[in-house]
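Tertiary structure, described
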Amino acid sequence: FILSKERMLNADNSIGHFIYKYSSAEDILRLTMASYEPSKQHSSIRFLKNNTSNIIGIYSPLGRCGKTSFSLALALQYGMRSSCSFLSMDEASTLRYLFAWDSIHCSLDELLYYFLQSGNAVESKLLSVVKHMWGIDIMPPFTKLSMFNELSITDWCEFITQLANIGKYQYIIIDIGSSSPVEPLLNLCDKVYVP
């Protein structure tokens, strides 16, 4: 990794990864983790295995009913007493604008890309994607809707199951969008709320 005084460099990646040296420590760590590639010879980043996560789904067939606000408030309540992750599967989520995340931050797209490449990479790449705020880990929503449409129902179910089996979170709150595979996801959930 090379710390640079300039934000953008037209350099060959064979030299190394360039990081703007006046970035925040959080951004430097996030970019470093995003570039991490576990080899088969070394162990990858692993979390201590707790019990499997409790998956809580929030779904409403009605649009604009406050589902995301309810989901986020519920995640904050669970996050006050245990480890919690919030995942928005809305295809047009406004969370990116609410939290003023820019293009530097990774999103759910990247995590799903790693999942499709190798299911084992999700655990290692999780830290580079989540954004820790208010005591919960929030996965920034989709930026590219093409990734949303590339996953099959089986892929979605395997991704959520693998995320739960990592053991990092006691609760995973899923804000299920109307274009998501609703019925299979609801079957994975331990609890379902319909606001």
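Everything below is about the structure shown above.
Described below are features of the structure shown in this document. Just so it is clear, the structure is predicted and the values come from calculations on it, not from any experiment.

Let's shift gears to the packing of aromatic side chains. The final tally for this structure, using the stated rule, is three aromatic pairs. With a centroid separation of 5.5 Å and 70° between ring planes, the pair formed by Phe 115 and Phe 159 is classed as edge-to-face. Of this pair, Phe 115 sits in helix 4 (residues 108-117) while Phe 159 sits in helix 7 (residues 153-165), and the two are 44 residues apart along the sequence. Of the residues examined, Phe 159 reaches a relative accessible area of 0% and is grouped as buried.

Taken as a whole, this structure holds two salt bridges when the rule is applied. Here Lys 67 makes a salt bridge to Asp 175, at a shortest N to O gap of 2.5 Å. Of the two residues, Lys 67 is situated in helix 2 (residues 67-79) and Asp 175 in strand 7 (residues 171-175); the sequence distance between them amounts to 108 residues. Among the residues examined, Asp 175 registers a relative accessible area of 0% and is labelled buried. Lys 168 is the partner of Asp 137 in a salt bridge, and the nearest nitrogen-oxygen pair spans 3.9 Å. Remark: Lys 168 occurs in the loop between helix 7 and strand 7 and Asp 137 occurs in strand 6 (residues 136-139); sequence separation between them is 31 residues. Judged by its relative accessible area of 7%, Asp 137 falls in the buried class.

What counts and how
Residues numbered from 1 in each chain as written. Predicted model: local features only at pLDDT ≥ 70, side-chain atom pairs only at ≥ 80, totals over all residues. Heavy atoms only, no water. Phe/Tyr/Trp six-rings, centres within 6.5 Å; stacked < 30°, edge-to-face > 60°. Helix = DSSP H or I, 4+ residues; strand = E, 2+ residues; numbered from the N terminus. Buried < 20%, exposed > 50% of the residue type's maximum accessible area, 1.4 Å probe, protein only. Salt bridge = Lys/Arg side-chain N within 4 Å of Asp/Glu carboxyl O.

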